[in-house]
Amino acid sequence: DTAVSQTPKYLVTQMGNDKSIKCEQNLGHDTMYWYKQDSKKFLKIMFSYNNKELIINETVPNRFSPKSPDKAHLNLHINSLELGDSAVYFCASSQGWQGAYEQYFGPGTRLTVT
Amino acid sequence: GDSVTQMEGPVTLSEEAFLTINCTYTATGYPSLFWYVQYPGEGLQLLLKATKADDKGSNKGFEATYRKETTSFHLEKGSVQVSDSAVYFCALSRGNQGGKLIFGQGTELSVKP
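Residues numbered from 1 in each chain as written. Chains lettered and ligands numbered in written order. Predicted model: local features only at pLDDT ≥ 70, side-chain atom pairs only at ≥ 80, totals over all residues. Heavy atoms only, no water.

(A) Expanded view of the environment of Gln25 of chain A. All names here are of chain A. Here Gln25 is to be found in strand β3 (residues 19-25). Once the C-alpha coordinates of Gln25 and Cys91 are considered, the two residues, 66 residues apart in sequence, prove to be 9.2 Å apart. Reaching out from Gln25, the side chain makes a polar contact with the backbone nitrogen of Leu27 at a distance of 3.0 Å. (Helix = DSSP H or I, 4+ residues; strand = E, 2+ residues; numbered from the N terminus. Polar contact = N/O pair within 3.5 Å; in protein donor to acceptor, adjacent residues only side chain to side chain.)

Listed below in structure tokens is the structure:
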């Protein structure tokens, strides 16, 4: 059973389009995250949610809108895609956020904007 | 602000060689420290962690010790295998920051038979 799953795995789209990435975890965790990995493999947090409530928005452009319909899901919608949005996006989850909890990562979604 | 610096890669070793990947951090207070590993085409997996000074994290033959005096958390393994080829990330988190992990730039390890 996959612990953290993301769809799609690959996404190729044109500038200006709107796209969504879905994430689901079956670990019963309270906290979920989105990270962006650039072409040099540098990872940076974008958002953190706990029990469906936003707790971190790491100065991400408002073209990115996360939505958590329930504790097990955290989706990422991106409006007006730009070339610089091309990256691998990872969803992750953890049992909580106030402590050294292990984060479990999904397999990533490679977004290419042309 | 908080940051993590790792040694530049790629690192290429022969099988059974000794591995060290250096990691130093800058943070106020007492962060928790982690090593994550990313195998090709996959997401990250926790390799080991340490939550306070002088703690040693260990897993699968890898070890790292939390050294507050040198603000370091170097990863070591006595004898690497081809299957250890991956990208290794050092990271820190502080308890009051929403679970945010701050990553180093990653170090690619390639182990040759």
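(B) Structural detail: the side chain of Ser32 of chain B. Among the secondary structure elements, Ser32 of chain B is positioned in strand β5 (residues 32-38). A relative accessible area of 11% means that Ser32 of chain B is categorised as buried. Excluding its chain neighbours within four sequence positions, the residues that come into contact with Ser32 of chain B are Ala100 of chain A together with Ala50, Thr51, Ala91, Leu92 and Ser93 of chain B. (Buried < 20%, exposed > 50% of the residue type's maximum accessible area, 1.4 Å probe, protein only. Contact = heavy atoms within 4.5 Å.)

(C) Geometry of the interface of chain B and chain A. Chain B puts 24 residues into the contact, and the matching count from chain A is 24 residues. In this assembly, chain B packs against chain A so that about 1700 Å² is buried in total across both faces, 58% of it on carbon and sulfur atoms. Counting the surface chain B buries against chain A, the share from its top three residues, Gly98, Lys100 and Phe103 of chain B, is 27%. Where chain B touches chain A, the interface holds one salt bridge. With a shortest N-O distance of 2.9 Å, Lys100 of chain B and Glu58 of chain A are connected by a salt bridge. Applying the counting rule to chain B against chain A returns eight residue pairs in polar contact (both at pLDDT 80 or more). The dominant element in the side of chain B that touches chain A, judged by the number of residues it contributes, is β5 of chain B, at four residues. Grouping the amino acids of the side of chain B that touches chain A by side-chain chemistry returns eight nonpolar, 13 polar and three charged. (Buried area = accessible area lost by both parts, 1.4 Å probe. Salt bridge = Lys/Arg side-chain N within 4 Å of Asp/Glu carboxyl O. Nonpolar A, V, L, I, M, F, W, Y, C, P; charged D, E, K, R; others polar.)

(D) Highlighting the layout of surface pockets. Volume-wise, the largest pocket comes out at about 470 Å³. Along its surface, the largest pocket is lined by 27 residues, and Lys41, Val88 and Arg110 of chain A together with Gln38 and Gly41 of chain B are the ones closest to its centre. When contributions to the lining of the largest pocket are tallied by element, the ones reaching two or more residues are β9 (87-94) and β11 (109-113) of chain A together with β10 (86-93) and β12 (107-112) of chain B. Partitioning the lining of the largest pocket into residue classes produces 11 nonpolar, 10 polar and six charged. (1 Å grid on protein atoms, 1.4 Å probe; cavity = no way out; pocket = protein on both sides within 12 Å on 5 of 7 lines; lining within 4 Å. Points joined across faces, edges and corners; volume = space filled by probe spheres on them.)

(E) How the structure looks around the pattern of salt bridges. This model, assessed by the stated rule, comprises eight salt bridges over all chains. Glu82 of chain A is the salt-bridge partner of Arg63 of chain A, the closest N and O atoms lying 3.4 Å from each other. With a gap of 19 residues between them, Arg63 of chain A in the loop between β6 (53-57) and β7 (64-70) and Glu82 of chain A in the loop between β8 (73-78) and β9 connect regions that are remote in the sequence. When its relative accessible area of 40% is taken as the criterion, Glu82 of chain A is described as partly exposed. Linking Asp2 of chain B and Arg94 of chain B is a salt bridge whose minimum nitrogen-to-oxygen distance equals 2.7 Å. Of this pair, Asp2 of chain B sits in the segment before β1 (3-6) while Arg94 of chain B sits in the loop between β10 and β11 (102-103), and the two are 92 residues apart along the sequence.

(F) Broad picture of the nonpolar core. Residues Trp35, Leu48, Phe73, Leu75 and Tyr88 of chain B are the most contacted members of the largest nonpolar core, which totals 27 residues. Sorting the residues of this core by element identifies β2 (11-14), β3 (19-21), β4 (23-26), β5, β6 (44-50), β8 (62-65), β10 and β12 of chain B as the ones contributing at least two each. It is β10 of chain B that provides the largest number of residues to this core, a total of four residues. Filtering out sequence-adjacent residues up to four positions away, Leu48 of chain B remains in contact with Leu33, Phe34, Trp35, Gly57, Ser58, Asn59, Phe62, Glu63, Ala64, Phe73 and Leu75 of chain B. If you look at the next biggest cluster of nonpolar residues, it comprises 20 residues, including Phe47, Leu74, Leu76 and Cys91 of chain A. (Core = buried A, V, L, I, M, F, W, Y, C linked by side-chain atoms within 4.5 Å.)

(G) Fine view of empty space enclosed by the protein. A full pass over the atoms with the stated rule returns one cavity of 30 Å³ or more. As for the largest cavity, its lining consists of Tyr33, Ser94, Gly96, Trp97, Gly99, Ala100, Tyr101 and Gln103 of chain A together with Phe34, Ser93 and Gly99 of chain B. Of the residues assigned to the lining of the largest cavity, the class counts are five nonpolar, six polar and no charged.

(H) Seen up close, the packing of aromatic side chains. According to the stated counting rule, one finds 12 aromatic pairs over all chains in the structure shown. On the numbers, 6.5 Å between centres and 70 degrees between planes, the contact of Phe105 of chain A with Phe103 of chain B is edge-to-face. With one member in each of two chains, Phe105 of chain A in strand β10 (residues 104-105) and Phe103 of chain B in strand β11 form a pair that bridges those chains. The same class applies to Phe105 of chain A as to Phe103 of chain B, namely buried. (Phe/Tyr/Trp six-rings, centres within 6.5 Å; stacked < 30°, edge-to-face > 60°.)

Note that every value here comes from positions in space, so none of it alone points to a role or purpose.
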